[in-house]
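Structure assessment
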Amino acid sequence: MGSGPSVPDDIRGHVAKYVPDRAPFLALRAASKFERDAVQRTIARRPGAVRRFGFYPHWADGETLAWEPDEQPTECAASSLAISTLGKVFGEGVIHLSACCRAAPAVAALEFFVKQTNGGLETLELYRANVAPDRLLELCRACPRLKELRTPVHALIPYGIVEAIAQACPLIEGISVTNNGRDEPLSPAETWARHFPRLKALSFRNGWLEYQPTRLDAIRATALVTNATSMDVDGCHITPEVIQALVGTPFGDRLERLGFSEGTSPTRLEPDALLAAVLGFPCLRALAIPGYMVYGHGFYRALARISNERPAGTGLRNLAIRELDATDECVAQACRIEGLEVLTLDGIDATRGIVDAILGGAAARSLTSISIRYCAYAPRATALRACDVLRLVQGCPRLNRLSWFCDEEFQEGTDLRRGPCKAIVQLLESRGGRVAVQPTRANPVAVGRRVRMKFPTGGTKFHWCEGVVESVEDGHCEIRWSDGDTTSMEVSDVAKILKQPIEAATRVLVPGDAREPEVLFSCRYDRATERYY
């Protein structure tokens, strides 16, 4: 066996990619002066085990962190000495840092840690940290490569400080600045967003529900300089005037999606605002109709007309209808859209008549994906049944992805007989559709299953990380974690983490995004009645 000095640094750097945590690095540092220096050179290459650091509060119980109430600064579990020491050893390899702190020594230690990264940080999350605005600016000046920043939620960050941060960190693509304490809170699009040209999303939110942006000149000025490709309107009330302010700007000309919100806040997009967007945004291909306004079938008729009048191949391709009062007639008008490929019906006031509404329109010839959730289900006498869904699949020749979901308590009225359900699966499979298998004895883990697991953060400390099973092959699961990393684990180990019983096989359909599968039917099959329950 060769001695330590005989191993080249590039080989050490390659081997370090497979080191699971930071403990081996600490052990090697203690072996000799040579190993200490070699480890520091390896850490500077940012291997996976040292790229991310988090300092969080004590555990209140087995699974809950002891955060202070009302989003106040929270003391982290690590001592100031531990933070400083870890920064001295691992700082040069860290690119993602998330921390909370309250007492002055802990804040000083955190600042020391940041400076030990030698400008290598790309993500800095200080949501619950007691860092003053002027100190925040100093930290940002020490991180010129920063791409993501979340500022302390309790502190009022003056707009002048925000502009200075933009100058210090020109690569920022995402930033969260609280409006707590402002007399007149405005959205980023109306204030400081124009100073961050590399932002990926242009936010129109100010932190209040149903906020209505009104500073149209400022919005247009931002839209003229930003390189953002998405419009964040979650919880906003957007008027036609806001859309008109964006029409003709580089931002408006590159927008491809509108209304698809990842949040749960009520969003109001006025009917004329949506029509103005389809008319004025040349690249818009995907549109979501939110559920907090009444649009009426006349709106959907106008939407289809405007989409069809656009140049060939530039009309809407993806439409999600979430309007609570949308009816079968609304769906029928929407399905006049030519070339529509993806249709989502979520929580609308529909019946099984949506099948005829879809099949009667031009969209039936082009649809490749349909999702039906929380609508047209029992105990209504007009609930959507398996035989109706089979007719829908048969009538849409290009359809190969289907998501039909209703709560288990309402599934009896959907008449889930084995024959129609089997025919749906076979027809979609014949068109290249994807079919997964729910837990069985041979395969106890299904694609799309969420996994929650503890990971070490140094010493005896751990933090929880969530992931999703992306694939199951040859007894191994590929799991993608919330921080972006992907790991491979044996199926038996994942099953132990899930602590789930081994169940009988149930076939489910998986739509385009395998990370969030939705079921066609997820229930028990009764051979006596030949039904799924």
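Just so it is clear, the model here is predicted, and its values are computed rather than measured. The numbers attached to residues start from 1 for each chain and follow its sequence in the written order. With the structure being a predicted model, the display of local features is reserved for residues of pLDDT at least 70 and the display and counting of side-chain atom pairs for 80 or more, all residues being used for whole-chain, interface and lining totals. To obtain the side-chain values, all non-hydrogen atoms of the structure were used and water was disregarded.

Quick look at the sheet that holds strand β13 (residues 342-346)
Worth spelling out the cut-off: A pair of strands is labelled paired if DSSP reports no fewer than 2 bridges between them. A run of H or I in DSSP counts as a helix once it spans at least four residues, and a run of E counts as a strand once it spans at least two, with each numbered from the N terminus.
As summarised here, the arrangement of the six strands in space is β9-β11-β12-β13-β14-β15, forming an open sheet in which the pairing is parallel. Of all the strands in the sheet, just β9 (257-258) and β15 (401-405) have a single pairing partner and so form its edges. Where strand β11 (residues 286-289) lies against strand β12 (residues 318-321), four bridges are found, and the strand directions are parallel. Note on β12: the bridge partner recorded for A288 is A320.

A word on the packing of helix α4 (residues 80-90) against helix α5 (residues 104-116)
How two helices pack is summed up by the angle between their axes together with the distance between the axes. This is how it is decided: Helix axes are fitted only over the stretch in contact, all axes being lines through C-alpha atoms; the angle between N-to-C directions runs from 0 to 180 degrees. Each angle gets one of four labels, with under 35 degrees taken as roughly parallel, over 145 as roughly antiparallel, 65 to 115 as roughly perpendicular, and the rest as oblique. The contact criterion used throughout is that any non-hydrogen atoms of two residues lie within 4.5 Å. Polar here means any residue outside two lists: the nonpolar Ala, Val, Leu, Ile, Met, Phe, Trp, Tyr, Cys and Pro, and the charged Asp, Glu, Lys and Arg; Gly therefore counts as polar.
As a packed pair, α4 and α5 sit with axes 8 Å apart at the nearest point and diverge in direction by 5°. With respect to their mutual orientation, α4 and α5 come out roughly parallel. In this structure, α4 uses S80, I83, S84, L86, G87 and K88 to contact α5, whose residues at the interface are P105, A106, A109, L110, F112, F113 and Q116. For the contact of α4 with α5, the per-class residue count stands at eight nonpolar, four polar and one charged.

Some points on the side chain of H96
Convention followed: Residue exposure (1.4 Å probe, protein chains only): buried if accessible area is under 20% of the type maximum, exposed if over 50%, otherwise partly exposed.
Counting through the fold element by element, H96 comes out in strand β2 (residues 96-99). H96 gets classed as buried once you look at its relative accessible area, which sits at 17%. Sequence-distant contacts of H96, defined by excluding residues within four places in its chain, comprise R51, R52, F53, L121 and T123.

Description of helix α11 (residues 271-280)
Within α11, seven of the 10 residues are buried, leaving the element largely enclosed by the surrounding structure. Buried residues along α11 sit against β8 (237-238), α9 (240-246), β9, β10 (268-269), β11 and α12 (297-309).

Considering empty space enclosed by the protein
Using the following cut-off: Cavities and pockets were defined on a 1 Å grid built from protein atoms only: a cavity is a group of points that admits a 1.4 Å probe but offers it no way out, a pocket is an open group of points flanked by protein on both sides within 12 Å along at least five of seven lines, and a lining residue is one with an atom within 4 Å of any such point. Grid points are joined across faces, edges and corners, and a volume is the space filled by probe spheres set on the points.
Summed over all chains, the structure comprises two cavities of 30 Å³ or more. Forming the boundary of the second largest cavity are M231, I238, I243, L258, L269, A273 and L274. Tallied by class, the residues present in the lining of the second largest cavity amount to seven nonpolar, no polar and no charged.

Details of the sheet that holds strand β3 (residues 123-125)
Ordered in space as β1-β2-β3-β4-β5, the five strands form an open sheet in which the pairing is parallel. The open sheet is flanked by β1 (52-55) and β5 (174-176), the only strands paired with a single partner. When the angles between neighbouring strand axes are averaged without regard to direction, this sheet yields 5°. In this sheet, β2 lies alongside β1 in parallel orientation, the contact comprising four bridges. Counted as the bridge partner of G54 is S98 from β2.

Examining the environment of T368
Looking at where T368 falls in the secondary structure, it is placed in the loop between α14 (354-359) and β14 (369-373). Take T368: its relative accessible area is 14%, and that puts it in the buried class. When the C-alpha positions of T368 and L343 are compared, they lie 8.6 Å apart, and in sequence the two are 25 residues distant. If sequence neighbours within four positions are ignored, T368 has contacts with E341, R398, L399, N400 and R401.

With respect to the state of the cysteines
In a disulfide, the sulfur atoms of two cysteines are held together by a covalent bond. Stated formally: Two cysteine sulfurs form a disulfide in these notes if their separation is within 2.5 Å.
Summed over all chains, the structure comprises zero disulfides. This cysteine, C76, is not joined by any disulfide, and C100 carries the nearest cysteine sulfur, 5.3 Å off. Taking the relative accessible area as the measure of exposure, C76 reaches 4% and is therefore buried. Its sulfur unpaired, C143 is 6.4 Å from the next cysteine sulfur, which belongs to C169. The class for C143 is buried, based on a relative accessible area of 0%.

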